[in-house]
Amino acid sequence: MRHLIDFGDLSRAEWEALYKSTSAIIDHPADFMDVCRGRVASTLFFEPSTRTNFSFQTAMLRVGGTVFGFADPKSSSVAKGECLKDTIKMVSGYADVVIMRNPREGAAKAASLYSDVPVINAGDGGHMHPTQTTTDLTTITRMLGGVDGISIGLCGDLKNGRTVHSLIKALAKFDNVKFYLISPRELAIPEYIRAFMKEKNLWSVEVTGLENVIPQLDVLYMTRIQRERFVDPLEYERNKGIYVLTKRKLERARKNMLVMHPLPRVDEIALDVDDDPRAAYFEQARYGMFSRMALLADLANQPRIKPEAVEIGTTPVCSNPRCITQTDPYLPPLVKQNGGVDCCAYCDAALH
Amino acid sequence: MRHLIDFGDLSRAEWEALYKSTSAIIDHPADFMDVCRGRVASTLFFEPSTRTNFSFQTAMLRVGGTVFGFADPKSSSVAKGECLKDTIKMVSGYADVVIMRNPREGAAKAASLYSDVPVINAGDGGHMHPTQTTTDLTTITRMLGGVDGISIGLCGDLKNGRTVHSLIKALAKFDNVKFYLISPRELAIPEYIRAFMKEKNLWSVEVTGLENVIPQLDVLYMTRIQRERFVDPLEYERNKGIYVLTKRKLERARKNMLVMHPLPRVDEIALDVDDDPRAAYFEQARYGMFSRMALLADLANQPRIKPEAVEIGTTPVCSNPRCITQTDPYLPPLVKQNGGVDCCAYCDAALH
Amino acid sequence: MRHLIDFGDLSRAEWEALYKSTSAIIDHPADFMDVCRGRVASTLFFEPSTRTNFSFQTAMLRVGGTVFGFADPKSSSVAKGECLKDTIKMVSGYADVVIMRNPREGAAKAASLYSDVPVINAGDGGHMHPTQTTTDLTTITRMLGGVDGISIGLCGDLKNGRTVHSLIKALAKFDNVKFYLISPRELAIPEYIRAFMKEKNLWSVEVTGLENVIPQLDVLYMTRIQRERFVDPLEYERNKGIYVLTKRKLERARKNMLVMHPLPRVDEIALDVDDDPRAAYFEQARYGMFSRMALLADLANQPRIKPEAVEIGTTPVCSNPRCITQTDPYLPPLVKQNGGVDCCAYCDAALH
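Quick caveat, the model's predicted, so the values are computed rather than measured. (Residues numbered from 1 in each chain as written. Chains lettered and ligands numbered in written order. Predicted model: local features only at pLDDT ≥ 70, side-chain atom pairs only at ≥ 80, totals over all residues. Heavy atoms only, no water.)

Caption draft 1: Broad picture of the overall build of chain A. Of the regular secondary structure elements, chain A holds eleven helices and eleven strands. Expected size for 352 residues packed as a compact globule is a radius of gyration near 20 Å; at 20 Å, chain A falls within 12% of this value. Counting only C-alpha atoms and orienting by the principal axes, one finds that chain A spans roughly 55 × 50 × 40 Å. Taken over 352 residues, chain A has a buried fraction of 59%. Across chain A, contacts joining residues at least 24 apart in sequence account for 70% of those joining residues at least 6 apart. Of the accessible surface of chain A, which amounts to about 13,800 Å², a share of 50% is contributed by carbon and sulfur atoms. The average position of the 43 basic charges and that of the 43 acidic charges among the side chains of chain A differ by 1 Å. (Helix = DSSP H or I, 4+ residues; strand = E, 2+ residues; numbered from the N terminus. Rg over C-alpha atoms; globule rule 2.2 N^0.38 Å. Buried < 20%, exposed > 50% of the residue type's maximum accessible area, 1.4 Å probe, protein only. Contact = heavy atoms within 4.5 Å. Areas by Shrake-Rupley, 256 points an atom, 1.4 Å probe, with all protein chains shown as cover. Lys, Arg positive; Asp, Glu negative; His and termini not counted. Charge placed at Lys NZ, Arg CZ, Asp CG, Glu CD.)

Caption draft 2: Quick look at the UniProt feature "binding site: carbamoyl phosphate" (unreviewed entry) in chain A. All names here are of chain A. Here, UniProt's "binding site: carbamoyl phosphate" (unreviewed entry) annotation points to R51, T52, R101, H129, Q132, L263 and P264. Relative to the helices and strands, T52 resides in helix α2 (residues 50–62). The residues contacting T52, other than those within four sequence positions of it, are F45, R101, A122, H129 and R292. Examined against the element boundaries, H129 turns out to sit in the loop between β4 (119–124) and α5 (130–144). (UniProt positions renumbered as here; feature names shortened; annotations may be inferred.)

Caption draft 3: Expanded view of the interface of chain B and chain C. Between chain B and chain C, the contact holds 23 residues from the first and 28 residues from the second. Interface area, chain B with chain C, both sides summed: about 2,300 Å², of which 58% is carbon and sulfur. Taken together, the connections running from chain B to chain C amount to five salt bridges. As a salt-bridge pair, R265 of chain B and D86 of chain C come within 2.6 Å of each other at their nearest N and O atoms. Secondary structure elements with two or more residues in the side of chain B that touches chain C: α2 (50–62) and α10 (281–299) of chain B. It is α2 of chain B that provides the largest number of residues to the side of chain B that touches chain C, a total of eight residues. Residue composition of the side of chain B that touches chain C, grouped by class: nine nonpolar, five polar and nine charged. (Buried area = accessible area lost by both parts, 1.4 Å probe. Salt bridge = Lys/Arg side-chain N within 4 Å of Asp/Glu carboxyl O. Nonpolar A, V, L, I, M, F, W, Y, C, P; charged D, E, K, R; others polar.)

Caption draft 4: The arrangement of the relation of the copies chain B and chain C in detail. For the pair chain B and chain C, the relating rotation is 120 degrees, the translation along its axis is 0.0 Å, and the fit reaches an RMSD of 0.0 Å. Look at the turn and shift together and you get a three-fold axis relating the two. (Least-squares fit on C-alpha atoms with pLDDT ≥ 70 in both.)

Caption draft 5: Local environment of the pairing of strand β2 (residues 66–70) of chain C. Residues and elements named next belong to chain C. Summarising the sheet, strand β1 (residues 40–45) and β2 pair through five bridges and their orientation is parallel. Residue pairing for β2: A41 is matched across the bridge by V67. Running through helix α2 (residues 50–62), the crossover from β1 to the neighbouring parallel element β2 is right-handed. (Pairing = 2+ DSSP bridges. Right-handed = clockwise from strand over helix to strand, strands pointing away.)

Caption draft 6: Examining the interface of chain A and chain C more closely. Across the boundary between the two partners, chain A contributes 28 residues, which contact 23 residues of chain C. Counting the contacts that link chain A with chain C gives five salt bridges. Between R51 of chain C and E82 of chain A there is a salt bridge, with the nearest N and O atoms lying 2.7 Å from each other. Mapped onto the side of chain A that touches chain C, the elements with two or more residues apiece are β1 (40–45), β2 (66–70) and α3 (84–94) of chain A. Top element by residues in the side of chain A that touches chain C is α3 of chain A. It accounts for seven residues.

Caption draft 7: Highlighting the packing of aromatic side chains. Residue and element names in this part refer to chain C. Tallying each qualifying case throughout the model produces 29 aromatic pairs over all chains. When the centroid spacing of 6.2 Å and the interplanar angle of 55 degrees are considered together, the rings of Y114 and Y330 count as tilted. Here Y114 is found in helix α4 (residues 107–114), whereas its partner Y330 is found in the loop between α11 (324–327) and β10 (335–338), with 216 residues between them in sequence. Judged by relative accessible area, Y330 falls into the buried class, the value being 12%. (Phe/Tyr/Trp six-rings, centres within 6.5 Å; stacked < 30°, edge-to-face > 60°.)

Caption draft 8: Geometry of the domain arrangement of chain A. Residue and element names in this part refer to chain A. The domain boundaries assigned to chain A delineate domain 1 (7–129 + 289–344) and domain 2 (130–282). When each unit is reduced to the centre of its C-alpha atoms, the spacing between domain 1 and domain 2 is 27 Å. With 26 residues of domain 1 at the contact, the number on the domain 2 side is 21 residues. A combined buried area of about 2,100 Å² lies between domain 1 and domain 2, and 57% of that area is made up of carbon and sulfur atoms. (Domains from an automatic or database assignment.)

Caption draft 9: Structural context of the sheet that holds strand β8 (residues 219–222) of chain B. All names here are of chain B. Sheet architecture is open: five strands sit in the order β7-β6-β5-β8-β9, paired in parallel fashion. Since the sheet does not close on itself, it has two edges, and those belong to β7 (203–207) and β9 (258–260), each with one partner. Averaged over all pairs of adjacent strands, the angle between their axes in this sheet comes to 15 degrees, without regard to strand direction. Packed onto the sheet, helix α5 (residues 130–144) meets β5 (151–155), β8 and β9 and runs at close to 165 degrees relative to β9. Sheet strands in contact with helix α6 (residues 162–171) are β5, β6 (178–182) and β8, and its direction is about 165 degrees off that of β5. (Axes fitted to C-alpha atoms, helices over the stretch in contact; angles between N-to-C directions.)

Caption draft 10: Quick peek at the packing of α10 of chain B against helix α3 (residues 84–94) of chain C. It is at 9 Å that the axes of α10 of chain B and α3 of chain C come closest, and there the two elements cross at 35 degrees. Between α10 of chain B and α3 of chain C lies a crossing whose hand is right-handed. Mapping the contact onto sequence places F282, A285, R286 and M289 of chain B in α10 of chain B and D86, K89, M90, G93 and Y94 of chain C in α3 of chain C. By residue class, the composition of the contact of α10 of chain B with α3 of chain C is five nonpolar, one polar and three charged. (Left-handed = near helix turned anticlockwise from the far one by under 90°.)

Caption draft 11: Quick look at the packing of α3 of chain C against α4 of chain C. Residue and element names in this part refer to chain C. Orientation of α3 relative to α4, taken along the N-to-C sense of each, is 55 degrees, at an axis distance of 9 Å. Judged by the inter-axis angle, α3 sits oblique to α4. By crossing handedness, the relation of α3 to α4 is classed as right-handed. Across from L84, K85, I88, K89 and S92 in α3, the residues of α4 making contact are A107, A110, A111 and Y114. Of the residues contributing to the contact of α3 with α4, the split by class is six nonpolar, one polar and two charged. (Parallel < 35°, antiparallel > 145°, perpendicular 65-115°, else oblique.)

Caption draft 12: Molecular detail of the sheet that holds β1 of chain C. Residue and element names in this part refer to chain C. Pairing within the open sheet is parallel, and its four strands lie in the order β2-β1-β3-β4. Where the open sheet ends on each side, the last strands, each with one partner, are β2 and β4 (119–124). Strand-to-strand, the axes of this sheet are offset by a mean angle of 15 degrees, without reference to chain direction. Packed onto the sheet, α3 meets β1, β2 and β3 (97–102) and runs at close to 145 degrees relative to β3.

Caption draft 13: A look at the pairing of β10 of chain C. Residues and elements named next belong to chain C. Pairing of β10 with strand β11 (residues 341–344) involves four bridges; the strand directions are antiparallel. From the neighbouring strand, K336 faces β11, where its bridge partner is C343. Two successive antiparallel strands, β10 and β11, enclose a turn made up of two residues, where G339 displays a positive phi of approximately 55 degrees.

Caption draft 14: Main features of empty space enclosed by the protein. Residues and elements named next belong to chain A. Under the definition given, this model contains three cavities of 30 Å³ or more. Taken together, 14 residues line the largest cavity, and the ones lying closest to its centre are P316, V317, T325, L331 and P333. Quantified by volume, the second largest cavity comes out at close to 60 Å³. Of the residues contributing to the lining of the second largest cavity, the split by class is ten nonpolar, two polar and one charged. (1 Å grid on protein atoms, 1.4 Å probe; cavity = no way out; pocket = protein on both sides within 12 Å on 5 of 7 lines; lining within 4 Å. Points joined across faces, edges and corners; volume = space filled by probe spheres on them.)

Caption draft 15: Here's a closer look at the confidence of the model for chain A. Chain-level statistics for chain A give a pLDDT mean of 94 and a share of 98% at 70 or above. Note on the complex model: pTM 0.96, ipTM 0.94. (pLDDT = per-residue confidence, 0-100.)

Caption draft 16: Fine view of the pattern of salt bridges. Under the counting rule described, the total for this entry stands at 69 salt bridges over all chains. A salt bridge links E237 of chain B to R227 of chain B, with the nearest nitrogen and oxygen atoms 2.9 Å apart. Linking E237 of chain B in helix α8 (residues 233–239) with R227 of chain B in the loop between β8 and α8, this pair joins segments that are ten residues apart in sequence. The partly exposed category is assigned to E237 of chain B, whose relative accessible area is 40%. We classify R227 of chain B as partly exposed; its relative accessible area is 41%. The shortest N-O distance in the salt bridge between R12 of chain C and D175 of chain C comes to 3.9 Å.

In structure tokens, the structure reads:
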């Protein structure tokens, strides 16, 4: 692994190796406190995300590295008028690893074309957030002993949830996972995920109610439903209580079920759930730190490699208005195949 | 000491131990440059305060630790919609010590209920600022040899000065301290401090003029008077020159008197005082860094301890509009006794 | 060297020593990774400049030091109402070296009067930016083997370019340098630089076209022309293409010519130049980091020295509206001689 742009690029074996490293760090953190000594990470947050930013910073510090960067482009003169290529070429001259969150889909892929050092995607618009997926898998593996064969309930806004889509695709690498998709009809998983699950022969059932499936679950993964996602505000009101987890609803849950949430939680998990031993969401955030430590122990220690020159693009071939190629048209117009369909190699949108 | 929320919680013996550690660090800083190696502090500044923030950051760096955090919530997405409990649970999963400044009174106490690591109050609204007090006592002890028996003049806005109230309460732990309270009548110390001083049998005199008492003082502690504090702007104008220290007024001062100020100073200490050997305010800021180093050498090295579960509150019992319980009503409605009166355990306001 | 305020203060021998140190660091960076262990730099950016800020931070981290500071005064309470002297006295109590960028001309000189530790000027308004100059000279020396005898083209806005003025003055310390000054007539070098070059007997020619002189150059130093610099917007349009470097124009350049640019570049260097082996601007940014490492290895390791008390000024003698003495009138009214003319010692403006 040179860059981590999309969790889907990791084979199951590569994931197992990363998890093994993470597990060693959790067990003996002091053994790793100098593995990145002398190494410098740059955290470029073109949109703010305090949780992810803090998690990466702490991770680098705890493997003995150091950090510089910006938390919000409003407080940075980098973003003004400077193209992403130039920012990456400058920063990769200073740092040993680039950690970037960017509102534009495909930005991390674009950065990897010009960087002399590894790039970690800390979230590119609504596209990918691979270290959230490594966090989630680490939590499940560590707390349940493994991922194969689990029954997982994914609850909330399954239509717009980047975290959920990423987790489903990652879980497809394991065996015999059973998916309970719990959402209002209006916010059910998108058709392309349904197609993906069918293609991979994954066992799944879609339901609109939470309480009845709780007893079947090894993991309940909660996500937030935002009012704005409903066309009809009354629909939001009608649905509000159903997709909320309370202490009462937990009474029917298995003794060892994990309750997970990527945070921040607003009201979809009631505070009286926090003290239940099954509440795993804060432990999950801490595992995210350990997972990022393992990632940095690998990527921040790689040699500098000047990338091959790439074609200079003129007009984007991609028509996704949120794609990085719209703002940075000099990017080479790269194309990939997703299930036999020509897609933009940056944002994965089908090309028309 | 697990958390430092209120300097009043320290016994005289605990203060002596902290001072002894501080003194050793001032004398041999190089001996301490690795005492917090591998430890991470988080600085959560929900309202900006560059002085305090820089002092804590430098302190952690100089004991070999590292730091992450935010300087201003406007540049952070943590504060948006996330309750203080969740922020603290997340951050205490990443850090070994939490340093927080928050505009809400009682916020540090609230944080200590949920944090897995020690919490240091870097200022909670107009309530407490314990490390300013440790800074002030360190300065007096180091530069005069001790605190017992000193004559101290507190000058300026004694009504609204959190720093002054905290210092008076701290000095009550010592013997034979004489207090000269120098302020406009309108800005005299509040009644509850007068009551406290009487209860503790402290020697004090209240005066409206600065020049006549200067010859009596071992320490002159200056504070700023803001125009807005006077109901009548003409009163501000009439009083302006009286509570300002100039080189001329220093002529009558003792040879070893210390001039102190928590900073920033605006015009209450004239620039021509700076080069007088008695001007101690910049040295005071530096002692603040050493004092915080001693504090972190202790608190950042403590083991992680998951706190006991606490009751979930519903409606606050406290009626102070600036109390943390107003914004975070899930806090358990804790009550303490101050001088036989039931008070909010977070903000110390009397309950009605 | 105690402070680095103006590159002109360095003798050629001091520059050679700094370059030798820089070169050693480029060759064996691992040998220097602890030279500033235990040392703390403060980065005070009163106006934002991400490039310079990141370069200094990375430099300090890579020599084993640590950093605290602010990137933008809007996110800092230091600048509000606190005079520069007080900020410097406080920060120099915490740090081992002060790195400051300030919009006011002469601010770095002013800081050096009060700081207990070395001050590095990271840019003071339109006045000086000495570490850009050290970056530029390091790049030329490292990539061409030396500076004596080179032919250098300076292209773009030579009238307003602080970087260009500084570089010309620095190159005057070397022998047989030939200057090709390439700009629109309206943006030619200012008269005082022309006078300086004449006084130093420097070989120079002023031209309005870029293409014809390219074959003569060992270094082509590009700078940006801003639309706002032209009185007549049509003049900007007429000139736009001339001062832009493209791959086609490079065909006539020497095989080993260096293309340099202080960055950010907007359109004055076309993207198709980036992959030409002569494009040196990103390498130049990296050399800037190494140059700053050498500077910090020296300045951050110096002993603390409390400066001599200075006179307290009342009314500024300088009439430059952008001078630091306007905002901080307590500064002693220092005067220096530039070519026999009385000038402000802070901002170098002639006194009237």
